[in-house]
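Coordinates in review
Next come the chains, spelled out residue by residue.
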Amino acid sequence: MSSPLVITGMGMVSPLGCGVNASWERLLAGRSGVSSITRFETGELPIKVAGTVPGRESDPEAGFDPDRVADAKERRKMELFSLYAMAAAEEALTQANWFPSSDEDQLATATIVGSGIGGFPTITQAQNTLSTRGYRRLSPFTVPAFLANLAAGNVSIRYGLRGPLGCPVTACAAGVQAIGDGMRLIRSGEAEVALVGGAEACIDPLSLASFHAMKALSTEQAAPAKASRPFDQARNGFVMGEGAGLLVIETLAHAEARGATPLAFLSGYGTSADAHHITAGPEDGAGAAAAIRAALRMAGLAPEAIDHINAHATSTPVGDRAEIAALRNAFGDALPGIPISATKSATGHLLGAAGGVESIFSALAAIQDRLPPTLNLEHADADLSDLDLVPGEAREHRCRHVLCNGFGFGGVNAALIVSKV
């Protein structure tokens, strides 16, 4: 029997702060990372709030300091999503104590960092420069900054990780799929260790206006912290967030052989396609349910063995309803007994980084037997009255196995099961 896969390191940059512990404790305390947009003037744009990563000026305790990640010369070559990935990678690799120096170890380490959009602000800024100042004023680093795989590329270069390099660009499932891809690489023998997860930083006037044109974003202005409200009758769209969540994963045998501490098991993974619609899943949730069932099969678990679900739950009525349909489809009568948290209520939707961040929240729920709350849930949809959506406050709860979902445009579905060591 092959050795089970384990997490040995975790790193995070989120709207709740930089670092896994800071983000987790603030999440459990019911704090929101959603605030008014100050990075640029929103003008007539009706989208005024986002889950931006705090800076050191506004959050001395856990704010993001780009100077700690890269010097000014390096930063000219990188977009913000790469910087977030670099910060998360340092934290994860440090916890795992994995800084390979031999050819053998470097070649055995994969780097798989998903992103839904990559360096979108660089593209919009470059187009503005081209239009107003001409092609000669474009930076030679424009393309390397915006390419979605450059988060993985920059991390790989910094730490000498010379094994397989990848970047699922599968919308909001990218972070979970990156973890699944890393699991496969280890299982196939192509890698012994993988740094996996997602990174995103595309809070930009054009991206916000484009999602608004789809009527997908919340137009809340007066109370930013209440804008993201999954499953609540008053929700009016998702809140765009940003950040990065990365994990170091390896087999238990490899971790034990080098003296690393296993934090949690990665016991199941599944992925599927809806083959239905470019932006909406089928009402019965069949595609997402197929991914969940595949994860359960890999883990060798019956549906009732799941103790907690970190839902994808973006705070759009169509998306929330489709996910609940998928969960009912996959879990049947067992679902009312499984607590479901929607952590995007505190962070907003990190798109391609969501799965990386939320897989870490899922792992921590299993490690600590604590459930994060679903914020802003005051009046749940009437057809959810039989479900435990963990409203308002965190709670203690025995968590042996936790399901984490990630679904994206194009009909892509991914599900991950994290289990207690």
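So, how was this worked out
- Residues numbered from 1 in each chain as written.
- Predicted model: local features only at pLDDT ≥ 70, side-chain atom pairs only at ≥ 80, totals over all residues.
- Heavy atoms only, no water.
- Helix = DSSP H or I, 4+ residues; strand = E, 2+ residues; numbered from the N terminus.
- Rg over C-alpha atoms; globule rule 2.2 N^0.38 Å.
- Buried < 20%, exposed > 50% of the residue type's maximum accessible area, 1.4 Å probe, protein only.
- Areas by Shrake-Rupley, 256 points an atom, 1.4 Å probe, with all protein chains shown as cover.
- Lys, Arg positive; Asp, Glu negative; His and termini not counted.
- Charge placed at Lys NZ, Arg CZ, Asp CG, Glu CD.
- Contact = heavy atoms within 4.5 Å.
- Pairing = 2+ DSSP bridges.
- Salt bridge = Lys/Arg side-chain N within 4 Å of Asp/Glu carboxyl O.
- Expected span 1.5 Å × (residues − 1).
- Phe/Tyr/Trp six-rings, centres within 6.5 Å; stacked < 30°, edge-to-face > 60°.
- Core = buried A, V, L, I, M, F, W, Y, C linked by side-chain atoms within 4.5 Å.

Counting its regular elements, the protein chain contains 15 helices and 15 strands. Here the C-alpha atoms of the protein chain give a radius of gyration of 20 Å, agreeing with the 22 Å that 2.2 N^0.38 yields for 421 residues. Counting every position in the protein chain, which comprises 421 residues, the buried fraction comes to 61%. A total accessible area of about 16,200 Å² is found for the protein chain, and carbon and sulfur atoms account for 52% of it. Seen as two clouds, the 32 positive and the 43 negative side-chain charges of the protein chain have centres 5 Å apart.

Before going further, it helps to spend a moment on the side chain of Arg26. With respect to the secondary-structure elements, Arg26 resides in helix H1 (residues 20–28). Setting aside anything within four residues of it in sequence, one finds Arg26 in contact with Leu16, Gly17, Arg31, Asp59, Glu61 and Ala62.

Let us look at the pairing of strand E5 (residues 109–114). Judged by how many residues are buried, E5 sits mostly within the fold: six of six residues are covered. Residues Thr109, Thr111 and Val113 point to one face of E5 and Ala110, Ile112 and Gly114 to the other, with burial holding for every one of them. Sheet analysis places E5 next to strand E7 (residues 193–200), joined by six bridges and oriented parallel. Each bridged residue has a counterpart across the sheet, and for Ile112 the counterpart in E7 is Val196. Direction of pairing for E5 relative to strand E6 (residues 165–166): parallel, over a ladder of two bridges. Following the sheet pairing, Ile112 is matched in E6 by Gly166.

Attention now goes to the pattern of salt bridges. Using the criterion set out here, one finds 20 salt bridges in the structure. Put simply, Asp307 and Arg400 hold a salt bridge, and the shortest N to O gap is 2.7 Å. Note that Asp307 is positioned in the loop between helix H12 (286–299) and strand E10 (308–310) and Arg400 in the loop between strand E13 (395–396) and strand E14 (401–408), a separation of 93 residues in sequence. Taking the relative accessible area as the measure of exposure, Arg400 reaches 39% and is therefore partly exposed. With a closest N to O distance of 2.9 Å, Arg328 and Asp386 form a salt bridge. Of the two residues, Arg328 is situated in helix H13 (residues 317–331) and Asp386 in the loop between strand E12 (370–371) and E13; the sequence distance between them amounts to 58 residues. Connected through salt bridges with shared partners, the residues Lys226, Arg229, Asp232 and Glu378 form a single ionic network.

Another aspect to go through is H13. In this model, H13 (15 residues) spans 21 Å end to end at C-alpha, consistent with the 21 Å of a helix rising 1.5 Å per residue. When we look at burial in H13, the residues that qualify are Asp320, Ala322, Glu323, Ile324, Ala325, Ala326, Leu327, Ala330 and Phe331. Contacts from the buried residues of H13 go to H12, E10, strand E11 (340–341) and E14. Just downstream of H13 lies Gly332, where phi reads positive at about 60 degrees.

A word on the packing of aromatic side chains. Counted under the stated rule, the structure contains five aromatic pairs. Measuring from ring centre to ring centre gives 5.0 Å for Phe64 and Tyr84, while their planes differ by 80 degrees; the resulting arrangement is edge-to-face. In this pair, Phe64 sits in the loop between strand E4 (49–50) and helix H2 (66–69) while Tyr84 sits in helix H4 (residues 80–96), placing the two residues 20 residues apart along the sequence. Its relative accessible area of 10% is what places Phe64 among the buried residues. Under the relative-accessibility criterion, Tyr84 is labelled buried at 1%. By the ring-pair criterion, three or more aromatic residues cluster together here, those being Phe211, Phe238 and Phe409.

Further remarks concern the nonpolar core. Judged by nonpolar contacts, the single largest core of 47 residues is most densely connected at Ile7, Met10, Met183, Leu247, Ile249, Leu266 and Leu416. Here this core gets eight residues from one element, more than from any other, and that element is helix H15 (residues 354–368). Among residues more than four places away in sequence, those in contact with Leu416 are Val176, Ile179, Met183, Leu266, Gly268, Tyr269, Ser359, Val402, Leu403 and Cys404.

Here we take up the pairing of E7. Note on strand geometry: in a regular strand, side chains alternate between the two faces of the sheet. Taken across its eight residues, E7 has eight buried, putting it largely inside the fold. Judged by which residues are buried, E7 turns out to be covered on both faces: Val193, Leu195, Gly197 and Ala199 on one side and Ala194, Val196, Gly198 and Glu200 on the other are all buried. Pairing analysis gives eight bridges linking E7 to strand E8 (residues 243–251), with the strands arranged antiparallel. Along E8, the bridge assignment pairs Leu195 with Val248.

None of this, on its own, says anything about what the molecule does.
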